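# What the coordinates show
Take a look at the letters that make up each chain.
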Amino acid sequence: MTINLDSQEPVIRETRLGAVTGYQGTVGDLACQAGGCRLKNRERGFTQTTSCSSGCAQALLSQIRDAAVVNHAPLGCAGDTVAQNVTNHWGEYIRRWPYSNLPVLNTNMSEKETVFGGGEKLRGAIREAHRRFQAKAIFVTTSCASAIIGDDIAGVADSLKEELAIPIIPVSCEGFRSKVWASGFDAAFHALFQGIIQPPRRKRPERVNIINFWGRAKDRITALLGRLGLEPQFIIPFASVDELAHISEAAATLTVCGTLGTYLAAGLEQRYGVPQVKSLPPHGIAGMDSWLRELGKVVGKQAEVEALIAEEKARIAPELAQIRSRLQGKRAVLGMGPGFGHGFLGVLDELGLDVVRAVSWHFDARHDYGQCPKATQQLAERQDGLPFSVGDQQNFEIINLLRQIKPDIYFSRHVGTAVWAAKLGITTVAVTDEYSAFGYQGLIDFGHRVIDAQLNRSFAQRLSSKVKLPYTEWWLSQDAFALLKAAEEVG
């Protein structure tokens, strides 16, 4: 499976990876259909608001240390920047850096630009971003408005490259192109291939690329890989333009989330021969075993890896047994993105929880290396009958499900769904940090967090007693998937 890294924009996930946003069945059936190329999308007769790919692209690119982003869009499309700025401050806090605001400008497209074109306004915004931020690269993110009217963003960027003497790179992330917001990750990484990543000057056998979101556990990962004689290069947030230019020199690429990293990891292997480590996400025991063992094969350090795994497992075994005894049999529901969530179901199993339903925000039938995601394959082998559905954070379905199932605890990757579970009186754990349950000690730490949540249920119970849900009994008393239409074949 080859990615076209020379095209102006990446192919969307529905076409490239057979991604779907509508499915209802079991994990085993989902994996079977994905493996046999029979997976079909199911549209909805009704949908609630959801995210778009623009936010994912901007969240990554705006946190490159010495780059800037110009969002060519109406002002509302920059609304996500407020939350992204908070995340940026959090990342700066854990690195003990001074606070700074994200270097993002919006062209504030109005009715006039949507009729007569916004090229001149965009040209002025790029010059202003260069003056204000002294950036080493400027990314120009698109929007539905700028794409629909056909503004020549690439032409404007090319006309300014000589004047500003830095890379100015269009990023095709308009929301209407794809229903899978993770397509924005691909658009951001495609932009790196278009104007930032350089051929290797020399190979660095000690360097390992780590594709992640915010890198809170960077000190732990540095220490972990240091035991194997390796050093990490974290991608993208808080990396510099120069660091990203040379990620082609690494010995391998790991990712903390398959959904996030599939495009960049596969592209680095395809164009520069940097091996992609094809493993489970590094959460819990099974995930970290897979992450390290596959890395060990790529860099030729299998013996060192096995010694490390044996030591760590022996160290946590007594405490893990105590945690399992306290959580055994608690009924859980999980709602997360597929790359993270399918691996995290293994974490809940290792903690002794009884997962009775899982939901993912979309599903990629295959990753860019051409196979069904490993986490999905292993999940199907372990829990093939687990009820499973796919929906892009359609809260009306999730609330219906949770009200009927009444689990002891709900695990969510995104607080947008977690708050609704709490309003139903259900204890909720929002797993916003990608390094929650990271590896062996992370599993122990996360287990204690779940126990604490189970012991402190009064908040959700009191919230439930005070809140009136916006959904009527008409909806809540019927099948949660009543508005899913029949399957249609994806491209």
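The name recorded for the protein chain in an unreviewed UniProt entry is Nitrogenase, from Heliomicrobium gestii.

As a further point, take the overall build of the protein chain. Scanning the protein chain for helices and strands turns up 21 helices and 15 strands. For the protein chain, whose C-alpha radius of gyration is 23 Å, the value lies close to the compact-globule estimate of 23 Å for 491 residues. Each of the three principal axes of the protein chain carries a C-alpha extent, and together these read 65 × 60 × 45 Å. In the protein chain, buried positions account for 58% of the 491 residues. The long-range share in the protein chain, meaning contacts at least 24 apart out of those at least 6 apart in sequence, stands at 77%. Per element, the accessible surface of the protein chain, about 19,800 Å² overall, is 52% carbon and sulfur. Each charge sign in the protein chain was given a centre, from 53 positive and 51 negative side chains, and these centres are 4 Å apart.

Strand order in the open sheet formed by four strands is 4-3-5-6, with parallel pairing between adjacent strands. On the outer flanks of this sheet lie strand 4 (104-106) and strand 6 (168-171), each paired with one strand and no other. The mean angle between the axes of side-by-side strands here comes to 20°, regardless of whether they run parallel or antiparallel. As paired elements, strand 3 (residues 67-71) and strand 4 share three bridges and run parallel to each other. Bridging from a neighbouring strand, asparagine 71 pairs with asparagine 106 of strand 4. Across the face of the sheet, helix 3 (residues 53-61) comes into contact with strand 3, strand 5 (137-141) and strand 6 while running at roughly 155° to strand 3.

The feature "domain: Nitrogenase/oxidoreductase component" (unreviewed entry), as given by UniProt, occupies residues 52-452 in the numbering adopted here. Between the C-alpha atoms that bound residues 52-452 there is a distance of 34 Å. The span itself is 50% helix and 15% strand.

Rules used throughout
- Residues numbered from 1 in each chain as written.
- Predicted model: local features only at pLDDT ≥ 70, side-chain atom pairs only at ≥ 80, totals over all residues.
- Heavy atoms only, no water.
- Helix = DSSP H or I, 4+ residues; strand = E, 2+ residues; numbered from the N terminus.
- Rg over C-alpha atoms; globule rule 2.2 N^0.38 Å.
- Buried < 20%, exposed > 50% of the residue type's maximum accessible area, 1.4 Å probe, protein only.
- Contact = heavy atoms within 4.5 Å.
- Areas by Shrake-Rupley, 256 points an atom, 1.4 Å probe, with all protein chains shown as cover.
- Lys, Arg positive; Asp, Glu negative; His and termini not counted.
- Charge placed at Lys NZ, Arg CZ, Asp CG, Glu CD.
- Pairing = 2+ DSSP bridges.
- Axes fitted to C-alpha atoms, helices over the stretch in contact; angles between N-to-C directions.
- UniProt positions renumbered as here; feature names shortened; annotations may be inferred.

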